[in-house]
Amino acid sequence: MTTDASNRPKLGKVFLVGAGPGDPELLTLKAYRVLQAAEVVLYDRLVSPEIMTLLPESATQVYVGKRRADHSVPQTDIGQLLVDYALKGKFTVRLKGGDPFIFGRGGEELEQLAAAEIPFEVIPGITAASGCAASAGIPLTHRDYSQSVRFITGHLQDGSINLDWEALRSPNQTLVFYMGLVGLTTIAATMISMGRSPDTPLAVIEKGTTPQEKIHISSLANVEDLLATTVISAPTLIIIGDVVKLHALLAKS
Ligand SMILES: C[S@@+](CC[C@H](N)C(=O)[O-])C[C@H]1O[C@@H](n2cnc3c(N)ncnc32)[C@H](O)[C@@H]1O
């Protein structure tokens, strides 16, 4: 443990790092450099095994979850662990799938660090929407089809789906649902009932950017059929909107 002149232990710094959607090549250089220097790494289920192999052998690895509805380590305990390691002077990395500030609860962890006056730095990652869209050849905006894009969580804390449906009606926008598979039938049916065309195409991208990636193309009207006839595994990202038509032309060969 390092100490300063007053013999107090020197504070460690916490790096909140985005690991991207799975493909290790999608890590930023900065994230890669920080991982190589890590003494302690707290990581989530969505961090790919290939990325974990980049850690130094000496780094302590702490798995903190989480699967849907199974929060292995409660959120406040994760924040407290970060504080404790930093107080011990450790170079600590909090490694999260995608980008820590997009449905990653990164803000909550930083609030705990700020309250304890622990130094921290955020290193952004490629969010699942960007990674999956690139991999599937689906531009999220396009001058002919979509002038805006919304990132939406399809999973609410109490299990219900209570979205601003009125705002989702406009045809000239792309909707990207994170954690949306369980509620997809309800989402599609409600969007149709609110006036969005049943022919609106959608893509369900399974394990995007990984060797197990699968892309399922359907439409609002045909979602039930898709889910009844196909086994789809998490994590999945759902893209809804006319930009999905471009997949046929732009999917990588
Ligand atoms: C808790 S959110 C975390 C999002 C993450 N912070 C990000 O920026 O991508 C987890 C959800 O992200 C989506 N997701 C993450 N990685 C994915 C991948 N490789 N393929 C498809 N969806 C993914 C899924 O919807 C998953 O349920």
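Residues numbered from 1 in each chain as written. Predicted model: local features only at pLDDT ≥ 70, side-chain atom pairs only at ≥ 80, totals over all residues. Heavy atoms only, no water.

Describing the overall build of the protein chain
So, step 1. Of regular secondary structure, the protein chain possesses eight helices and ten strands.
So, step 2. Across its three principal directions, the C-alpha atoms of the protein chain cover 70 × 40 × 35 Å.
So, step 3. Summarising the internal contacts of the protein chain: among those between residues at least 6 apart in sequence, 68% fall at separations of at least 24.
So, step 4. Of the roughly 12,700 Å² of accessible surface on the protein chain, 53% is carried by carbon and sulfur atoms.
So, step 5. Distance from the positive charge centre (22 side chains) to the negative charge centre (26 side chains) of the protein chain: 3 Å. (Helix = DSSP H or I, 4+ residues; strand = E, 2+ residues; numbered from the N terminus. Contact = heavy atoms within 4.5 Å. Areas by Shrake-Rupley, 256 points an atom, 1.4 Å probe, with all protein chains shown as cover. Lys, Arg positive; Asp, Glu negative; His and termini not counted. Charge placed at Lys NZ, Arg CZ, Asp CG, Glu CD.)

Here we look at the domain arrangement of the protein chain
So, step 1. What the domain assignment lists for the protein chain is domain 1 (11-123) and domain 2 (128-250).
So, step 2. Measuring from the centre of the C-alpha atoms in domain 1 to the corresponding centre in domain 2 gives 28 Å.
So, step 3. Summing the contributions of domain 1 and of domain 2, the shared interface buries around 920 Å²; its carbon and sulfur component is 70%.
So, step 4. For the pair domain 1 and domain 2, the interface holds one residue pair in polar contact (both at pLDDT 80 or more).
So, step 5. When grouped by side-chain class, the residues that make up the side of domain 1 that touches domain 2 number five nonpolar, one polar and two charged. (Domains from an automatic or database assignment. Buried area = accessible area lost by both parts, 1.4 Å probe. Polar contact = N/O pair within 3.5 Å; in protein donor to acceptor, adjacent residues only side chain to side chain. Nonpolar A, V, L, I, M, F, W, Y, C, P; charged D, E, K, R; others polar.)

Notes on helix α5 (residues 128-136)
Note that an α-helix has 3.6 residues per turn; residues three or four places apart therefore point the same way.
So, step 1. The set of residues buried in α5 consists of Ala129, Gly131, Cys132, Ala133, Ser135 and Ala136.
So, step 2. Of the residues one or two after α5, Gly137 is the one with positive phi, at around 65°. (Buried < 20%, exposed > 50% of the residue type's maximum accessible area, 1.4 Å probe, protein only.)

Quick word on the sheet that holds strand β10 (residues 236-240)
So, step 1. Read across the open sheet, the five strands follow the order β6-β7-β10-β8-β9; overall the sheet is mixed. Since the sheet does not close on itself, it has two edges, and those belong to β6 (148-153) and β9 (214-219), each with one partner. Each adjacent strand pair in this sheet contributes to an overall mean axis angle of 20°, direction not counted.
So, step 2. Alignment of strand β8 (residues 201-206) against β10, held across five bridges, turns out to be antiparallel. Bridged to Ile205 within β10 is Leu237.
So, step 3. Packing of α5 onto the sheet brings it into contact with β6, β7 (173-178), β8, β9 and β10, and relative to β10 it is tilted by some 70°.
So, step 4. Packed on one face of the sheet, helix α6 (residues 184-193) meets β7, β8 and β10 and runs near 10° to β10. (Pairing = 2+ DSSP bridges. Axes fitted to C-alpha atoms, helices over the stretch in contact; angles between N-to-C directions.)

Some remarks on the site of the ligand
So, step 1. The immediate surroundings of the ligand are formed by 18 residues, with Pro21, Ile102, Thr127, Met179 and Thr236 found nearest.
So, step 2. At 2.6 Å, a side-chain N or O of Thr127 approaches an oxygen atom of the ligand.
So, step 3. Note that an oxygen atom of the ligand is positioned 2.8 Å from one of the backbone N or O atoms of Ala128.
So, step 4. Protein contact buries 88% of the 570 Å² of open area that the ligand shows by itself.
So, step 5. At the level of secondary structure, the elements contributing two or more residues to the shell around the ligand comprise α5 and β10.
So, step 6. Residues that form the shell around the ligand fall into these classes: eleven nonpolar, five polar and two charged. (Near = heavy atom within 4 Å.)

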